[in-house]
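Architecture and fold: a report
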Amino acid sequence: ACGVDRVRAMTPTRTLAPGVVVSPISLGGALLGVDAAEGAALLDAAVESGIALVDTSAAYGESEAVIGASPHPNLLVATKFGNPCELNHHVHDYSAEHCAASAFRSLSLLGDKRIAALQLHSPPEVPSPLEVPALRARLAALKASGAIGSWGASVHSVRGGQIALAAGADMIQVSFSCLQQENAALLAQCGVLRKGVLVQSALCQGWLTDVGVAAARLLLAAGPRRVPRHAPTAYPSIDFHAMLRAIVRLDSIAARLRCTITALALRYVVHAPGCTSALVQARTAAQLRQIMGSLG
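All of these numbers come straight from a predicted model, not from anything done at the bench. (Residues numbered from 1 in each chain as written. Predicted model: local features only at pLDDT ≥ 70, side-chain atom pairs only at ≥ 80, totals over all residues. Heavy atoms only, no water.)

1. Regarding the overall build of the chain
The number of helices and strands found in the chain is eleven helices and ten strands. With the C-alpha coordinates of the chain rotated into their principal frame, the extents come out at 55 × 50 × 35 Å. Taking all 296 residues of the chain together, 50% fall into the buried category. As displayed, the chain offers around 13500 Å² of accessible surface, 58% of which is attributable to carbon and sulfur atoms. Where the 24 positive side-chain charges of the chain centre and where its 19 negative ones centre are 10 Å apart. (Helix = DSSP H or I, 4+ residues; strand = E, 2+ residues; numbered from the N terminus. Buried < 20%, exposed > 50% of the residue type's maximum accessible area, 1.4 Å probe, protein only. Areas by Shrake-Rupley, 256 points an atom, 1.4 Å probe, with all protein chains shown as cover. Lys, Arg positive; Asp, Glu negative; His and termini not counted. Charge placed at Lys NZ, Arg CZ, Asp CG, Glu CD.)

Right under this line is the structure:
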C-alpha cells in the first residue's frame, strides 16, 4: 500500500472534467472481460502503476462487471452507451431512454466505482443524436443528479468532436498518435476550450510496439510487390508502405534516445497540446507493467 501511495504521489494529474482528476495514462478496458482473472490482475497492475481511470463500454462484454468486482473503490470509470449490446438488442441506440437505462445498468455493474464520464459510443455525425433535445436533457440530468461526473462522446473525426463540443460535452475521446495526426486540431481546440480528451490508439493499433516494428521490418523486406499499397484499416487513404517506413524510422529515433518505441509514442501523445490522458490497452498485467515501467 505504501508503494502504491508513493507512485500516486509522483504521478502528475490532469483534469478530464470539472471534479474529475486523472493520470496522464489511463487503461483501455476493451479486453478486461475476455478473462475475468486476467482482467482483475490488469486492474491491480493499473492501480499499482498510478493509473486513476479505466475506459470501458456497455458493448465490451463483461468488462464493466470485472471492474465492479475489483477491490479498488477509488478507480474512476469512463464508460459508453449506444453501440450494439445485449441491453439494446444489438442495434445502435442513442435515445434518451437507452442513455438512462445504460447508465443505470453500468452503475449497478460497477458497484462502488464512480462513472467519471459517460460517453456516446461512436455516434453518427449526420444526423447527430446530440441534435435531439431529450438526449441532451437526459445527460444533463444524470450529471446534475451525481449519477455521472461528466458526459462526452467517443468520436472518429474533428467534425464529430466539434458536434459533441457544440452540444455541451465536457470531454471527448478520439484517436491520435505520432503516425496518425489528423485529429491534432481537435485536441488543440479542446485545450483552448479546457475540455478533456481521452486519446485512443496512441500506439496506432499496436504498430508502435516492438512487435509492430518487427512486423514492419518483415513486410518491408518482402518488397513492395508483395505488400498492398494502402493499409487494410478503417483509413484507406493511408500509404501503407510509407507508414511501415515511418515505423522503422521512429524505432531508430527511440533507440538513439535509449527508450522503446512504445515509450516514445506514449510520451509524444501525453505531451501533445490538448491531451488529458492516453489510453493504453494491454492483454496481461505483465504487459501493462512493462509499458508503465518503460515510461519511468
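Continuing now.
2. Side note on the packing of aromatic side chains
Scanning the entire structure with this criterion turns up two aromatic pairs. Taken together, a centroid distance of 6.2 Å and an interplanar angle of 15° make the contact between Phe176 and Tyr268 stacked. Separated by 92 residues along the polypeptide, Phe176 in the loop between β8 (171-175) and α7 (184-193) and Tyr268 in helix α10 (residues 261-270) bring together distant segments of the chain. (Phe/Tyr/Trp six-rings, centres within 6.5 Å; stacked < 30°, edge-to-face > 60°.)

3. A look at the nonpolar core
Counting residues in hydrophobic clusters, the biggest one holds 76 residues, and the most contacted among them are Ile25, Leu118, Leu120, Leu139, Leu208 and Leu288. Beyond its immediate sequence surroundings of up to four residues, Leu288 is in contact with Leu27, Leu42, Ala45, Ala46, Ile51, Val280 and Ala282. (Core = buried A, V, L, I, M, F, W, Y, C linked by side-chain atoms within 4.5 Å. Contact = heavy atoms within 4.5 Å.)

4. What about the pattern of salt bridges?
Side chains carrying opposite charge are able to pair once their charged atoms draw close together. A full pass over the atoms with the stated rule returns five salt bridges. Of the charged contacts in the structure, one is a salt bridge between Asp251 and Arg217, with a shortest N-O distance of 3.2 Å. Of this pair, Asp251 sits in helix α9 (residues 240-256) while Arg217 is found in helix α8 (residues 210-222), placing the two residues 34 residues apart along the sequence. When its relative accessible area of 42% is taken as the criterion, Arg217 is described as partly exposed. (Salt bridge = Lys/Arg side-chain N within 4 Å of Asp/Glu carboxyl O.)

5. Considerations on the confidence of the model for the chain
Here the chain averages 92 in pLDDT, and 93% of its residues register 70 or above. Considering only residues more than four positions removed or in separate chains, one finds that residues 6-10, a stretch of pLDDT under 50, has four contacts. (pLDDT = per-residue confidence, 0-100.)

6. Focus: the packing of helix α4 (residues 96-110) against helix α5 (residues 133-145)
Pairs of packed helices are described in terms of their axes, by the angle between the two and the distance that separates them. Between α4 and α5, the shortest axis-to-axis distance is 8 Å and the interhelical angle comes to 25°. The angle between α4 and α5 falls in the class roughly parallel. Helix-helix and strand crossings are classified by hand; for α4 and α5 the assignment is right-handed. Contact residues: Ala96, Glu97, Cys99, Ala100, Ala103 and Phe104 in α4; Ala134, Leu135, Arg138, Leu139 and Leu142 in α5. Partitioning the contact of α4 with α5 into residue classes produces nine nonpolar, no polar and two charged. (Axes fitted to C-alpha atoms, helices over the stretch in contact; angles between N-to-C directions. Parallel < 35°, antiparallel > 145°, perpendicular 65-115°, else oblique. Left-handed = near helix turned anticlockwise from the far one by under 90°. Nonpolar A, V, L, I, M, F, W, Y, C, P; charged D, E, K, R; others polar.)

7. Quick look at the sheet that holds strand β3 (residues 25-28)
Here eight strands make up a closed barrel; going around it, the order is β3-β4-β5-β6-β7-β8-β9-β10 and the pairing parallel. In this sheet, adjacent strand axes meet at a mean angle of 30° when their direction is disregarded. Direction of pairing for strand β4 (residues 53-55) relative to strand β5 (residues 76-81): parallel, over a ladder of three bridges. Pairing of Leu53 across the sheet is with Leu76, part of β5. (Pairing = 2+ DSSP bridges.)

8. Here's the deal with the pairing of strand β9 (residues 196-200)
Among the five residues of β9, five are classified as buried, and the element is accordingly described as predominantly covered. Because side chains alternate across β9, one face comprises the buried residues Gly196, Leu198 and Gln200, and the other comprises Val197 and Val199, equally buried. Summarising the sheet, β8 and β9 pair through five bridges and their orientation is parallel. Within β9, the position partnered with Met171 by the bridge is Gly196. Read as a crossover between parallel neighbours, the route from β8 over α7 to β9 is right-handed. Looking at chain direction, β9 and strand β10 (residues 277-280) are connected through two bridges and run parallel. Its bridge partner being in β10, Leu198 is matched across the sheet by Ser277. (Right-handed = clockwise from strand over helix to strand, strands pointing away.)

9. Section: the packing of helix α6 (residues 158-166) against α7
As a packed pair, α6 and α7 sit with axes 10 Å apart at the nearest point and diverge in direction by 20°. In terms of orientation, α6 and α7 fall into the roughly parallel class. Every residue of α7 that contacts α6 at Val158, Gly161, Gln162 and Leu165 is listed here: Leu186, Gln189, Cys190 and Leu193. For the contact of α6 with α7, the residue count by class is five nonpolar, three polar and no charged.

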